[in-house]
Amino acid sequence: TRCVYCSFASNQVPDAEIIKYLDALLKEVAYVGKRMKETGIIAETIYIGGGTPTTLTAQQLDILINAIKQSFDMSKVKEFTIEAGRPDTITEEKLAVIAKNGISRISINPQSMKAKTLELIGRSHQPEEIETAFAMAKEKGFDNINADIIAGLPEESTEDFVNTLTKVIALEPESITVHCLAVKRASKLIEQDPDFHYKQAELVAGMLTESRRILDEAGYYPYYLYRQKHMAGAFENVGYCKKKKDCIYNIRIMDEHQINIALGAGGISKMYYPDENRLERVPNVTNYQEYIKRIEEMLDRKEKNIFREVK
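Below you will find a few notes about this structure. (Residues numbered from 1 in each chain as written. Predicted model: local features only at pLDDT ≥ 70, side-chain atom pairs only at ≥ 80, totals over all residues. Heavy atoms only, no water.)

Thoughts on the side chain of T81
Relative to the elements of secondary structure, T81 occurs in strand β2 (residues 79-85). Not counting the four nearest positions on each side in its chain, T81 is found in contact with I46, Y47, I48, I103 and R105. (Helix = DSSP H or I, 4+ residues; strand = E, 2+ residues; numbered from the N terminus. Contact = heavy atoms within 4.5 Å.)

Re the packing of aromatic side chains
To describe a pair of aromatic rings, you give the distance between the ring centres and the angle between the ring planes. What the rule picks out here adds up to five aromatic pairs. With a centroid separation of 4.3 Å and 25° between ring planes, the pair formed by Y47 and Y249 is classed as stacked. Residue Y47 is found in strand β1 (residues 45-48), and its partner Y249 is found in helix α10 (residues 248-255); the two are separated by 202 residues along the sequence. Between Y224 and Y226 the ring centres are 5.9 Å apart and the planes differ by 20°, which places this aromatic pair in the stacked class. Judged on exposure class, the residue Y224 and its partner Y226 are both buried. Sitting over the face of the ring of Y273, R278 holds its NZ or CZ atom 4.2 Å from the ring centroid. (Phe/Tyr/Trp six-rings, centres within 6.5 Å; stacked < 30°, edge-to-face > 60°. Buried < 20%, exposed > 50% of the residue type's maximum accessible area, 1.4 Å probe, protein only. Lys NZ or Arg CZ within 6 Å of the ring centre and 35° of its normal.)

So, unusual backbone geometry
Residues G49 and G50 are joined by a peptide bond in cis, for which omega reads -5°. If you trace the backbone, G50 turns up in the loop between β1 and α2 (58-71). Even without being glycine, E172 reaches a positive phi, approximately 60°. Positive phi values are uncommon outside glycine, yet N277 reaches one of about 50°. Take N277: its relative accessible area is 51%, and that puts it in the exposed class.

Written out as structure tokens, the structure reads:
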């Protein structure tokens, strides 16, 4: 399923198409890893996501993660994250694959702990599955888990939001990101009500006030924030974490003073020119079929706009 507020590239496809896409992605991984080594670009962080890469099988995840480890110089990598995302895609086998490959940080995203809300927004899991996913992850030894929740979801009250936050804190994630609902242009929600996010301003303000108080009392502190278009109340998304559990990737991606190389369909790389304090975007095509068909062109874009630009 696809969440009603989401506009990320997503497709329902047979297994054969996933295999074709993964083959193209592995080709880009190998090429980028080779050229990074040749041009002296060192990865500080690696992030698999957003979206839900755990929709892959355990074997496919293993192949992808190992390809990354073999292609890139891992000696300077300070943080390796994978989005486990939806709890209904998380299994013990997949968590075992992630853990054995040395990935230090995962994200399990409840969005809400209210069953009715999950149904309304198009998520096919129950709150109990979130608790089960956390328990499995803790059992596998993960000690840096992020959880995302959203303020301003359809039909939720401040009490509902506080209940979600309280239940998520009880699961003891190392970081919690409080998002404000953003209604994207390509989402189902904007078709249902184009002005939905404007109507949520006062309600979301109250939710955010409560979140700051509750998270502070629970020992979390804010470490990064960012805004998006069409956000409820024109507020911001704020990441909170326990001490020394800041997500480096989140800070870097928002700060935008570093080269960011994105792989896969819809990935947007950013080439940073420090002398001019300037960023240039280097996009991959979003449609996965076009990405597969035009993979050589995607590699050429990176060659011309990133690797030949490195001084």
